[in-house]
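# Summary of the model geometry
Residues per chain are reported as follows:
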Amino acid sequence: MIYELEEPALAAGLFDGWQETLIYSCLQKVMGRVLVTDPANPVSAMAFVGCFAFVAGEPDRELVLGKPGGFVIMVPQDGAWAALIEDCWPDARKVTRYAIRKDTRFDVDALRSIAGSLPAGYELRAIDSGLYDLCLQDPVTADFVSPFGSKEKYLALGRGFVILKEGRIVSGASSYTRYREGIEIEVDTVPEERRKGLARIACASLILRCLDEGLYPSWDAQNMDSVRIAEKLGYEFDHEYTAYWLSDGERTH
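What counts and what doesn't
Residues numbered from 1 in each chain as written. Predicted model: local features only at pLDDT ≥ 70, side-chain atom pairs only at ≥ 80, totals over all residues. Heavy atoms only, no water. Salt bridge = Lys/Arg side-chain N within 4 Å of Asp/Glu carboxyl O. Helix = DSSP H or I, 4+ residues; strand = E, 2+ residues; numbered from the N terminus. Buried < 20%, exposed > 50% of the residue type's maximum accessible area, 1.4 Å probe, protein only. 1 Å grid on protein atoms, 1.4 Å probe; cavity = no way out; pocket = protein on both sides within 12 Å on 5 of 7 lines; lining within 4 Å. Points joined across faces, edges and corners; volume = space filled by probe spheres on them. Nonpolar A, V, L, I, M, F, W, Y, C, P; charged D, E, K, R; others polar. Pairing = 2+ DSSP bridges. Axes fitted to C-alpha atoms, helices over the stretch in contact; angles between N-to-C directions. Parallel < 35°, antiparallel > 145°, perpendicular 65-115°, else oblique. Left-handed = near helix turned anticlockwise from the far one by under 90°. Contact = heavy atoms within 4.5 Å.

## Here we look at the pattern of salt bridges
- Inspection of the entire model under this criterion finds 17 salt bridges.
- A salt bridge links Arg168 to Asp138; the nearest nitrogen and oxygen atoms lie 4.0 Å apart. Of this pair, Arg168 sits in strand 9 (residues 168–179) while Asp138 sits in the loop between helix 5 (129–135) and helix 6 (139–142), and the two are 30 residues apart along the sequence.
- By relative accessible area, Arg168 is classed as partly exposed at 38%.
- When the shortest N-O distance is used, the salt bridge between Arg195 and Asp225 registers 3.5 Å. Here the residue Arg195 occupies a position in the loop between strand 10 (182–189) and helix 8 (198–213), and Asp225 occupies one in helix 9 (residues 224–232), the gap between them amounting to 30 residues.

Written out as structure tokens, the structure reads:
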């Protein structure tokens, strides 16, 4: 049987050394949850937030098979967990993701220059109550706010900027998740407005706001295009890692 830990810190040691802010969100009880099969003495755990599941400790078949419903991106701690995921979910899609260093020292002047380069005909705005609702109307922008579960929680903890064209959100950067010390950035642009630098402008604006508030704007990349955007903003690539898509559907984060 799978249980949600009331005190996620009980499983913190299982994730030691794993520099992933989504895990921090779960362990700090900011958002997400930690799932185990032995709540009294957990030796295996799954940190789950948004659609990401990070599995750690001793490989546990029940935990892998009992993943939350719907689309899940499962990230194994090591090769033993990876082998178990492949055995339990033979149709899973194995993908490579790209971790970005968590100690970036940003060039604030360069970010201000990027943020101020919005082309004519576009509007940059911070996500507020009305824009929260508008984000949810398009699958491309829904994940800017949806992992928080409610408007009230997003407006209290989330941070984000969107770019509008003729009243429609065409690009943006927002907090996919929040942890005590910062956010994890989610960024996307509608297909017909890509390759115009809009995502970079939204990201620079969000990073600057985070720096003003003493928050760290963490970045993790699904693909090399995302890595290249990150590098233009001052981030540095760290390493590749393996993840598994446990249902169909293209993702933007």
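## A word on the layout of surface pockets
- Considered as a void within the structure, the second largest pocket measures approximately 230 Å³ in volume.
- If you go around the second largest pocket, you meet 16 residues; those closest to its centre are Trp18, Gln19, Ala99, His239 and Tyr241.
- Counting only elements with at least two residues in the lining of the second largest pocket, the list comes to strand 5 (73–76), strand 6 (93–100) and strand 13 (237–245).
- A per-element tally of the lining of the second largest pocket places strand 13 first, with 4 residues.
- Partitioned by chemical class, the residues of the lining of the second largest pocket number 7 nonpolar, 5 polar and 4 charged.

## Quick look at the sheet that holds strand 2 (residues 33–36)
- The 8 strands lie next to each other as 1-2-3-4-5-13-6-12, forming an open sheet whose pairing is mixed. At either margin of the open sheet sits one strand with a lone partner, and together these are strand 1 (3–4) and strand 12 (220–221).
- Taken together, the 4 bridges between strand 4 (residues 52–57) and strand 5 define a ladder with parallel strand orientation. Bridge pairing links Phe54 to Val75 in strand 5.

## Some remarks on the packing of helix 4 (residues 108–115) against helix 8
- Taken N-terminus to C-terminus, the directions of helix 4 and helix 8 make an angle of 135 degrees; their axes are 8 Å apart at the nearest point. What the angle tells us is that helix 4 and helix 8 run oblique. Where helix 4 crosses over helix 8, the two elements pack in a sense that is left-handed. Packed against helix 4, whose contacting residues are Val108, Leu111, Arg112, Ile114 and Ala115, the element helix 8 presents Arg200, Ile201, Ala204, Ser205, Ile207, Leu208 and Leu211 at the interface.
- Split into classes, the residues belonging to the contact of helix 4 with helix 8 amount to 9 nonpolar, 1 polar and 2 charged.

It is worth stressing that arrangement in space is one thing and function is another; only the former is reported here.
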